[in-house]
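Residue-level structural notes
Okay, here's what each chain looks like letter by letter:
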Amino acid sequence: MPRPRRDDLAAWPLAALMVVSGVTHFTNPGYYRGLVPSWLPARSALVVLSGLADVAVGALVAVPATRRAGARATAALITTYLPAHLEPLRHRHTEQQASDRPAGVAARVAVNLGYVGWAAAVARRATGRPRSG
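Read on for a plain summary of the structure.

Cut-offs applied
- Residues numbered from 1 in each chain as written.
- Predicted model: local features only at pLDDT ≥ 70, side-chain atom pairs only at ≥ 80, totals over all residues.
- Heavy atoms only, no water.
- Helix = DSSP H or I, 4+ residues; strand = E, 2+ residues; numbered from the N terminus.
- Buried < 20%, exposed > 50% of the residue type's maximum accessible area, 1.4 Å probe, protein only.
- Contact = heavy atoms within 4.5 Å.
- Areas by Shrake-Rupley, 256 points an atom, 1.4 Å probe, with all protein chains shown as cover.
- 1 Å grid on protein atoms, 1.4 Å probe; cavity = no way out; pocket = protein on both sides within 12 Å on 5 of 7 lines; lining within 4 Å.
- Points joined across faces, edges and corners; volume = space filled by probe spheres on them.
- Nonpolar A, V, L, I, M, F, W, Y, C, P; charged D, E, K, R; others polar.
- Phe/Tyr/Trp six-rings, centres within 6.5 Å; stacked < 30°, edge-to-face > 60°.
- Core = buried A, V, L, I, M, F, W, Y, C linked by side-chain atoms within 4.5 Å.
- Axes fitted to C-alpha atoms, helices over the stretch in contact; angles between N-to-C directions.
- Left-handed = near helix turned anticlockwise from the far one by under 90°.

Let us look at the overall build of the protein. A count of helices and strands for the protein gives six helices and zero strands. Ordered by position from the N terminus, the helices and strands of the protein form the series α-α-α-α-α-α. Across the 133 residues that make up the protein, the buried fraction comes to 35%. Long-range contacts, defined as pairs at least 24 residues apart, comprise 70% of the intrachain contacts of the protein with a sequence gap of at least 6. A total accessible area of about 7700 Å² is found for the protein, and carbon and sulfur atoms account for 67% of it.

Rendered as structure tokens:
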């Protein structure tokens, strides 16, 4: 059995994270609807589309031949989610969960920026070629 390449060691968990995240959009759509900013229309449709997008980029990251493009798409996709994590700051006058208070929002944004950095690192290391032998 061939040894995993170094880029595989970071890519496989990223791919799994994105696929699992995408699947949970369908198993727990209410949670994700609650994250969609109130100013966006068609919240349920956005949850479905973002779930499909998560699964798609995860699948691309999992395949060495499409890894670079998939990791770049993952970084871009997660970046588009940042406004949803900032949205609670617009509603500070209402009662909020800890994750919706400024410190919680900062933590959510930091985690998501970490995911963007992770995806960018996977893209940089990806060879864009299938594994040989």
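Next comes the rest of the write-up.
The next subject is the layout of surface pockets. Empty space within the largest pocket amounts to approximately 1000 Å³. Of all the secondary-structure elements, those providing two or more residues to the lining of the largest pocket are α1 (6-27), α2 (29-35), α3 (43-62), α4 (67-80), α5 (82-86) and α6 (102-125). Looking at the lining of the largest pocket, its residues break down into 18 nonpolar, 13 polar and five charged.

In this structure the tally under the stated criterion is two aromatic pairs. Ring centres 5.0 Å apart and planes at 85° place the aromatic pair Y31 and Y32 in the edge-to-face group. When the centroid spacing of 6.3 Å and the interplanar angle of 45° are considered together, the rings of Y115 and W118 count as tilted. One end of the pair, Y115, and the other, W118, are both in helix α6, three residues apart, so they sit about a helical turn from each other. The partly exposed category is assigned to Y115, whose relative accessible area is 27%.

Right, let's get into the nonpolar core. Core analysis: the largest hydrophobic core is formed by 16 residues, its most contacted members being L14, M18, V61, A71, L77 and V122. Broken down by secondary-structure element, the contributors of at least two residues to this core are α1, α3, α4 and α6. The element that contributes the greatest number of residues to this core is α1, accounting for five residues. In contact with L14, not counting residues within four places along its chain, are V61, T74, W118, A119 and V122.

Okay, the packing of α3 against α4 next. Packed helices, taken two at a time, are described by the angle between their axes plus the distance between the axes. Where α3 meets α4, the axes come as close as 7 Å, and the angle between the chain directions of the two elements is 150°. For the pair α3 and α4, the crossing hand works out as left-handed. Between α3 and α4, the contacting residues are A53, D54, V57, L60, V61 and A62 on the first element and R67, G70, A71, A73, T74 and L77 on the second. For the contact of α3 with α4, the class distribution of residues is eight nonpolar, two polar and two charged.

Bear in mind that shape data such as this cannot, by itself, settle questions of function.
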